[in-house]
Amino acid sequence: MASPRPFFLTPSSSDDHSSQEDSPDSPRPRISKRRQDPPPSAFTFPFADPARRSPFLSPASRPSTIWSPPPVSANPSVIALPLTQKKPIQSTRLKSKLTKDDKPWLTKKRRCESGSWWLTFVAALLGVLIAAALCFRGWESVDLLSDSQLCLVMQDDFDSSIDPNNWSLDVELGGFGNGEFEMTTDNPSNVYISNGQLYIMPTLTSDSIDGGWASVMDGATYSLPDCTAQGGGSGNSTTTGSSNSTTSSNSTTASSNPCTAVSNNQSGTIINPVMSGRLNTRGKQTIKYGRVEVRAKLPQGDWLWPAIWMLPQGNSTSSSTAQGTGVYGAWPLSGEIDIMEARGNLPSYPAQGSNYVRSSLNYGPFAGGSTPISTGTSTTANLLKSIYGWVSTKRGNFADGFHVYALEWTGEWMRFYTDDRLQAMINLKISSKSSDSYFFNTGGFPGVAMNASSGKEVVVEDPWSTAYGGSAAAPFDQEFYLVIDLAVGGTSGWFPDSVGGKPWYDGSATAMRDFASKYEQWSATWPSNPDERAFRIDYVKMWNLCG
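Criteria and cut-off values
Residues numbered from 1 in each chain as written. Predicted model: local features only at pLDDT ≥ 70, side-chain atom pairs only at ≥ 80, totals over all residues. Heavy atoms only, no water. Helix = DSSP H or I, 4+ residues; strand = E, 2+ residues; numbered from the N terminus. Buried < 20%, exposed > 50% of the residue type's maximum accessible area, 1.4 Å probe, protein only. Contact = heavy atoms within 4.5 Å. Areas by Shrake-Rupley, 256 points an atom, 1.4 Å probe, with all protein chains shown as cover. Disulfide = S-S within 2.5 Å. Polar contact = N/O pair within 3.5 Å; in protein donor to acceptor, adjacent residues only side chain to side chain. Salt bridge = Lys/Arg side-chain N within 4 Å of Asp/Glu carboxyl O. UniProt positions renumbered as here; feature names shortened; annotations may be inferred. Pairing = 2+ DSSP bridges. Phe/Tyr/Trp six-rings, centres within 6.5 Å; stacked < 30°, edge-to-face > 60°. Lys NZ or Arg CZ within 6 Å of the ring centre and 35° of its normal.

A. Structural view of the overall build of the chain. Regarding its fold elements, the chain presents seven helices and 25 strands. The proportion of buried residues among the 547 residues of the chain is 44%. Here the contacts in the chain between residues at least 6 apart in sequence split such that 76% fall between residues at least 24 apart. In the form shown here, the chain has an accessible surface area of approximately 29700 Å², with 54% of it arising from carbon and sulfur atoms.

Right, dumping it as structure tokens:
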């Protein structure tokens, strides 16, 4: 079909629509006004636009009316609207830009302007110098032990086996004065070397004795092989032998027989439901002032209690002398140094779970149990002072990986820290006996106390002022040895009553049985993977101050 010829509208005189109005008063000239029409070649009907239908074409020949969007470039800047740059509007009151001659104030600077500039500069410089001086003074005031001041005493990387020149194993089930629920063994399933690390592994006693769980709860007598403790009688008491302090205290006063346990429903006694391990360097490696570093990974599991701590060596290393007996007397007279203690409970545990680690110093003016003190409302085994501190992590917990737990110790200061000195748990200055930093003064002990046994008043005196030439650092001015252990539960208050679903009460005579009766609950929180369940030690290093 032939294309139609375009139809154009030709301009003519009829397009002149101008008009003239005559006025007899003020005649106006005729104004000829003609509309400017486009040339014929450029004027078409509106329906000639391809986007509209042409009424003179057949339906098949008409252009499509379907709208399609314009092509979009991959570069958004292509279709973005251009930004127009506007020139600043020149003032209409100034014919031209002002010259320097028109600004005489620029050539005459006032003294105050120059002085203000120098004052600002000097003030800024002075601020920088003061800040630098404060930083330097702070850095200089931090007490540090340089490598040149230290002499290595022991380094154990646990490459092959437990070195008998460094370590002894404590094998007993008396609760170690805290009413702990585990027995510590020398069994390779509880203490062993693997992957170049020391593993202290908690296991269920029912997996290792005849009769299983039934024997743990009733009708059995268990004598611990290779027991290293001294004494006789029943050894499964669940009361604290040295202190009922609510602070962590690894007191070592033994029960009457920490080698044998009897399970009996009627009496409420049971065989310790958990087996674990405990090592010490007593009589082998000790330090008086220096540094201790232990790189360890903490265990995960409810009611697990890992600890790295120190006790005084004393004048005797005989097994008949209770551990913790130093030159000033039995625990806590001679003090206790806790480098690290923690709980295996998850971070959600309200009383500081595995996302916290803690250090403490424990000491008191009376030997444990020798002078029961009546406070009017309760009776304590002794007066006890604890200085403690902790660090925490908001991401994960200390059971997720290895960390370094360290102590730096001199006669003038003590610092406990995790990983580096910036994460100090305790930072103590020790000056003189007349100062508040002296441990007896820090203790805040009463001048007089009541002996609950005799009913008589007892004067509370400073036991360290003259004994053994006691210094301002007494009782922490003597040789101490290292202890590493993994305890379970206990009645010392380390796990507060009625917190986190605790299944026993510290004051109950059947505390251990109550704990054991819920073994399905707490044992389910102990990982099956030994790498997560065990208290793992990568290395131990001890240095003495040289000279």
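There's plenty left to go through after this.
B. Inspection of the state of the cysteines at higher detail. Enumeration according to the criterion identifies two disulfides in this entry. Residue pairing for cysteine 151: its cysteine sulfur links by disulfide to cysteine 546, the two sulfurs lying 1.8 Å apart. Disulfide cysteine 151-cysteine 546: the torsion about the S-S bond is 125°, which places it as right-handed. Placement of cysteine 151 in strand E1 (residues 150-156) and of cysteine 546 in the segment after strand E25 (535-545) is noted, with a sequence separation of 395 residues between them. Between cysteine 227 and cysteine 259 runs a disulfide, and the two sulfur atoms are separated by 2.0 Å. Between cysteine 227 and cysteine 259, the S-S torsion sits near -75°, and that sign places the bridge as left-handed. One end of the pair, cysteine 227, is in the loop between strand E7 (220-223) and strand E8 (260-263); the other, cysteine 259, is in the loop between E7 and E8, with 32 residues separating them in the sequence.

C. Expanded view of the environment of threonine 203. Looking at the element boundaries, threonine 203 is found in strand E6 (residues 203-204). Relative accessible area serves as the criterion here: at 16%, threonine 203 is assigned to the buried category. The spatial distance from the C-alpha of threonine 203 to the C-alpha of arginine 533 is 9.6 Å, given a sequence separation of 330 residues. Among residues more than four places away in sequence, those in contact with threonine 203 are Ser189, Asn190, Pro273, Val274, Met275 and Arg533. Among the polar contacts made by the side chain of threonine 203, one reaches the side chain of asparagine 190 at a distance of 3.0 Å.

D. Here's a closer look at the side chain of arginine 291. Mapped onto the elements, arginine 291 comes out in strand E12 (residues 290-297). Within the structure, the side chain of arginine 291 is placed 3.1 Å from the side chain of glutamate 408, a separation counted as a polar contact. Setting aside chain neighbours within four positions, we find arginine 291 in contact with Leu145, Asp147, Leu150, Leu407, Glu408, Tyr417, Arg421, Lys541, Met542 and Trp543.

E. A look at the pattern of salt bridges. According to the stated counting rule, one finds 10 salt bridges in the structure shown. Of the charged contacts, one joins aspartate 143 and lysine 429 as a salt bridge, the two residues approaching to 2.4 Å between their closest N and O atoms. Highlighted residues: aspartate 143 in the loop between helix H2 (111-141) and E1 and lysine 429 in strand E21 (residues 424-429), separated in sequence by 286 residues. Look at aspartate 143 and you get buried, because its relative accessible area is 18%. Put simply, glutamate 408 and arginine 291 hold a salt bridge, and the shortest N to O gap is 3.1 Å. Note that glutamate 408 is positioned in strand E19 (residues 403-409) and arginine 291 in strand E12, a separation of 117 residues in sequence.

F. View of unusual backbone geometry. The linkage connecting tryptophan 331 with the following residue, proline 332, adopts the cis geometry, with an omega of 0°. Along the polypeptide, proline 332 turns up in the loop between strand E13 (304-312) and strand E14 (336-341). The residue after alanine 474, namely proline 475, is reached through a cis peptide bond having omega 5°. In this structure, proline 475 sits in the loop between strand E23 (457-459) and strand E24 (480-488). Its identity is not glycine, yet asparagine 195 carries a phi of approximately 55°, on the positive side. Tracing the backbone through its elements, the reader meets asparagine 195 in the loop between strand E4 (191-194) and strand E5 (197-200). Assessed through its relative accessible area of 61%, asparagine 195 is described here as exposed. Positive phi, normally seen in glycine, also occurs at aspartate 419, with a value near 70°.

G. Quick peek at the UniProt feature "transmembrane region" (unreviewed entry) in the chain. Here, the residues flagged by UniProt with the feature "transmembrane region" (unreviewed entry) are residues 117-139. Along residues 117-139 one finds 100% helix and 0% strand; the C-alpha atoms at either end are 33 Å apart.

H. Representation of the sheet that holds E6 in the model. Pairing is mixed across the open sheet formed by three strands, whose spatial order is E3-E9-E6. One side of each edge strand has no neighbouring strand; the edge strands of this open sheet are strand E3 (182-184) and E6. Pairing geometry for E6 and strand E9 (residues 274-276), over two bridges, is antiparallel. Along E9, the bridge assignment pairs leucine 204 with valine 274.

I. How the structure looks around the packing of aromatic side chains. Inspection of the entire model under this criterion finds 28 aromatic pairs. Aromatic side chains tyrosine 289 and tryptophan 409 sit 5.4 Å apart centroid to centroid with 80° between the ring planes, which places their arrangement in the edge-to-face category. Residue tyrosine 289 is located in the loop between strand E11 (286-287) and E12, and its partner tryptophan 409 is located in strand E19; the two are separated by 120 residues in the primary sequence. Here the two residues tyrosine 289 and tryptophan 409 agree in accessibility, since each one is buried. Ring centres of tyrosine 388 and tryptophan 390 lie 6.1 Å apart, and the angle between their planes is 15°; this geometry places the pair in the stacked category. Joined through ring pairs, the aromatic side chains of Phe181, Trp303, Trp305, Tyr349, Trp494, Phe495, Trp504, Phe515, Trp522 and Trp526 make up one cluster. Taking NZ or CZ as reference, arginine 343 lies 3.7 Å from the ring centre of tryptophan 494, over its face. The ring of tyrosine 539 has lysine 541 lying over it, and the distance from NZ or CZ to the ring centre is 4.7 Å.

J. Spotlight on the pairing of strand E22 (residues 448-451). Pairing geometry for E22 and E23, over three bridges, is antiparallel. Within E23, the residue paired with valine 448 across the bridge is valine 459. Here E22 folds back onto E23 in antiparallel fashion, the turn holding five residues, of which glycine 455 has a positive phi close to 75°.

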